[in-house]
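# Inside the fold
Below, each chain spelled out in residue letters.
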Amino acid sequence: MARFDGRRFSWVRLAVLLIGATALVFTSLSSLRWFNDVRAAEGGTGVFAAYVDVAVTPQLVFENPVSPAARNVVLSFIVASPDAPCTASWGKDYKLNDAATALDLDRRIARLRQNKGEISVSFGGALNSELATVCTDEKDLLDAYRSVVERYDVRSIDLDLEGPALTDSSASGRRARALGKLQEERAKKDEDLKVWLTLPVAPDGLTLEARETVSTTVNGGVTLSGINLMTMDYGGSRDKSQSMSDTAIAALEASHRQLRGIYSQSGKKVGPATMWKHMGATPMIGQNDIAGEIFTLSDARALNQFAHKKGLGRLSMWSLNRDRTCGTNYPDVRVVSNSCSGADQGDLTFAQVLDSGLDHKKQRPSVKSTDAAKPLTPRALPSDDPAASPYPIWDPDRTYVEGTRVVQHRNVYIAKWWTQGDVPDDPTVDQFSSPWTLVGPVLPGEKPRTLPKLPADTYPKWDVDKVYTKGQRVIFDEIAFASKWWTRGDIPAERSSESDPSPWIQLTEAQLRKAAESAR
């Protein structure tokens, strides 16, 4: 028998020592994971950001939030353009440049940031084609995602995957690889890019396709900030005796167990508190798409309380466009509307209830820390340069009709009704009394927008003695107008008010361009 250090060597003793040391290491690692998990539970509340449907009519003025709860928004949805599958568009109708012109989206985002708000951008949705499902070239797909992130300078994106986007495994792989590369690019520039998956859920948790999508994304190189569950539209899977909030909570708890398992199988051990930090919930407020499913303000309170209890990382809702009681002229609130919830909200909004007590930190600082401590000093109002203004500089002697855009002190305003001599940024007039609405700042590098010149004979000149019926177009003072109803003798550029509205409306830039193309 061999001897060691003057004593009899024992393989049994060595084995015991090794087992003990290994157990100590595992115990230390487990303790560290437990410590980190406890820290996650104590890491503050989650955030609230409501979805906004960008392309729907009427437009929501998200750039001027009605409350702090409405400051942070998830703009929806970026999808593939029908005529160019690797080109990003808003709701298939507006490519990014088109949205800047027709919706003034870039300027409105800048205005929201002036109002201490921030945006995230959501790709996909229930309608149209998510980019990865139709753009099969991975380089072009990466370019498409990058074009959105860079144009709007966003630090967080959301992938709302439903239908074909959820079942297409090839698309899931392409998407994961492209987004993983995009995150790497941003990291090299010290610019974080958070990525969330938004997935449908049933009361018993995520579907098989949803779980496979999470696995593909995690294993494909994407650092996920979290998984957001669409706690809505359960259909026959929901127990009708349960409230919508109880069903949402059941879905969240079941998904929590599933997601911990998915992360564990991917080699990423995640504690229970940490997992809650990586989860979110998005109810459809009021009347859902499924008859009998109504998410009430009481449901919103219960979900908010659950979010606080568990430390949920995110709460949202579909959608901010719908966050109001339907008007009395809307006859059947059981029919889903894009503009109201179908629930009696009184003086409250769903955003305020869901946001209660959550974190109002923006996704990035609006000023450098070195600038924050500097005292504010009086500044003169900035002067306007016609060569760097997208619209004409406001002129106190000129008449402006509804829809006209002007620039004053490097901000863009749009006329709400006929006006002459009313200062757009008059500080003594409230926003309801002013004939002007602030759209947002003049953006860096902007130049005057050249409206298309219509041929002289495109429309006839307005005739004081002629009868015009709805839809007829005329030229008055070199401006094109369309009649809203039967009219005779009403001057197109005449003063208009709520009590005495004008029968004429000025043609929009998009209408002018279409008319100019037709006249060629």
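## Let's talk about the layout of surface pockets
By volume, the second largest pocket amounts to about 780 Å³. Around the second largest pocket, the lining is made up of 29 residues, and of these Val61, Asn64, Pro65, Gln431 and Thr437 lie nearest the centre. Per-class residue counts for the lining of the second largest pocket are 16 nonpolar, 6 polar and 7 charged.

## Structural notes on the sheet that holds strand 26 (residues 504-506)
With antiparallel pairing, 3 strands are arranged side by side in an open sheet as 23-24-26. Where the open sheet ends on each side, the last strands, each with one partner, are strand 23 (473-476) and strand 26. Averaged over all pairs of adjacent strands, the angle between strand axes in this sheet comes to 40°, irrespective of strand direction. Pairing geometry for strand 23 and strand 24 (residues 479-483), over 4 bridges, is antiparallel. For Val474, the partnering residue across the bridge sits in strand 24 and is Phe481.

## Some details on the packing of aromatic side chains
Under the criterion given, the structure shown has 10 aromatic pairs. Between the aromatic rings of Tyr51 and Trp318, the centroid separation amounts to 5.9 Å while the plane-to-plane angle is 55°, which identifies the pairing as tilted. Separated by 267 residues along the polypeptide, Tyr51 in strand 4 (residues 50-53) and Trp318 in the loop between strand 16 (314-315) and helix 12 (350-355) bring together distant segments of the chain. A single burial state applies to Tyr51 and to Trp318, both of which are buried. With a centroid separation of 5.5 Å and an interplanar angle of 70°, the aromatic rings of Tyr400 and Trp436 are classed as edge-to-face. Residue Tyr400 is located in strand 17 (residues 399-400), and its partner Trp436 is located in strand 21 (residues 436-441); the two are separated by 36 residues in the primary sequence. Among the aromatic residues, those joined into a ring-pair cluster are Tyr51, Phe77 and Trp318. The aromatic ring of Trp196 is capped on one face by Arg314, whose charged end is 5.2 Å from the ring centroid.

## Notes on the environment of Asn219
Tracing the chain through its elements places Asn219 in helix 8 (residues 208-219). Classification of Asn219 as exposed rests on a relative accessible area of 54%. Residues Asn219 and Ser266, spaced 47 residues apart in sequence, show a C-alpha to C-alpha distance of 6.8 Å. Of the polar contacts made by the side chain of Asn219, one reaches the side chain of Ser266; its length is 3.2 Å.

## Let's talk about the side chain of Asn72
Following the sequence through the fold, Asn72 ends up in strand 5 (residues 72-81). Judged by its relative accessible area of 11%, Asn72 is buried. A polar side-chain atom of Asn72 sits 3.1 Å from the main-chain amide nitrogen of Glu118.

## Digging into the state of the cysteines
The final tally for this structure, using the stated rule, is 2 disulfides. With a sulfur-sulfur separation of 2.0 Å, Cys86 is cross-linked through a disulfide to Cys135. Linking Cys86 and Cys135, the disulfide has an S-S dihedral of approximately 100° and is accordingly described as right-handed. Here Cys135 lies in the loop between helix 4 (131-134) and helix 5 (138-152) and Cys86 lies in strand 6 (residues 84-90), a separation of 49 residues in the sequence. Classification of Cys135 as buried rests on a relative accessible area of 0%. Cys326 shares a disulfide with Cys340; S-S distance 2.0 Å. Looking along the S-S bond of the Cys326-Cys340 disulfide, the torsion reads about 85°, which is the right-handed sense. A residue pair is termed long-range when its members are at least 10 positions apart, and Cys326 in the loop between strand 16 and helix 12 and Cys340 in the loop between strand 16 and helix 12 qualify at 14 residues. Each member of the pair, Cys326 as well as Cys340, carries the same accessibility label: buried. If one numbers only the bonded cysteines of the chain, in the order they occur, the disulfide pattern is 1-2, 3-4.

## A closer look at the pairing of strand 6
With 4 bridges connecting them, strand 5 and strand 6 associate as antiparallel partners. What sits directly across from Ile78, in strand 6, is Trp90. In sequence, strand 5 turns back onto strand 6 through a hairpin of 2 residues. One ladder, built from 2 bridges, connects strand 6 with strand 7 (residues 94-95); its direction is antiparallel. Each residue of the ladder has a partner; that of Trp90, found in strand 7, is Tyr94.

## Brief notes about empty space enclosed by the protein
Under the defined criterion, the tally for this structure stands at 1 cavity of 30 Å³ or more. When its volume is computed, the largest cavity comes out at roughly 40 Å³. The wall of the largest cavity is formed by Asp53, Val56, Trp318, Ser319, Asn321, Arg322 and Asn338. Looking at the lining of the largest cavity residue by residue, the class counts come to 2 nonpolar, 3 polar and 2 charged.

## A closer look at the pattern of salt bridges
For the structure shown, the criterion picks out 18 salt bridges. The salt bridge involving Asp106 is made with Arg151; its shortest N-O contact spans 2.9 Å. Here Arg151 lies in helix 5 and Asp106 lies in helix 3 (residues 105-114), a separation of 45 residues in the sequence. Classification of Arg151 by relative accessible area gives partly exposed; the value is 31%. Note that Asp143 and Lys139 form a salt bridge whose closest N and O atoms lie 3.4 Å from each other. Of this pair, Asp143 and Lys139 are both found in helix 5, 4 residues apart, which corresponds to roughly one turn of the helix. Looking at Asp143, the relative accessible area reads 28%, which means it is partly exposed. Since its relative accessible area comes to 57%, Lys139 is described here as exposed. Taken together, the shared-partner salt bridges connect Asp104, Arg107, Arg405 and Glu446 into one network.

Calculation criteria
- Residues numbered from 1 in each chain as written.
- Predicted model: local features only at pLDDT ≥ 70, side-chain atom pairs only at ≥ 80, totals over all residues.
- Heavy atoms only, no water.
- 1 Å grid on protein atoms, 1.4 Å probe; cavity = no way out; pocket = protein on both sides within 12 Å on 5 of 7 lines; lining within 4 Å.
- Points joined across faces, edges and corners; volume = space filled by probe spheres on them.
- Nonpolar A, V, L, I, M, F, W, Y, C, P; charged D, E, K, R; others polar.
- Pairing = 2+ DSSP bridges.
- Helix = DSSP H or I, 4+ residues; strand = E, 2+ residues; numbered from the N terminus.
- Axes fitted to C-alpha atoms, helices over the stretch in contact; angles between N-to-C directions.
- Phe/Tyr/Trp six-rings, centres within 6.5 Å; stacked < 30°, edge-to-face > 60°.
- Buried < 20%, exposed > 50% of the residue type's maximum accessible area, 1.4 Å probe, protein only.
- Lys NZ or Arg CZ within 6 Å of the ring centre and 35° of its normal.
- Polar contact = N/O pair within 3.5 Å; in protein donor to acceptor, adjacent residues only side chain to side chain.
- Disulfide = S-S within 2.5 Å.
- Salt bridge = Lys/Arg side-chain N within 4 Å of Asp/Glu carboxyl O.

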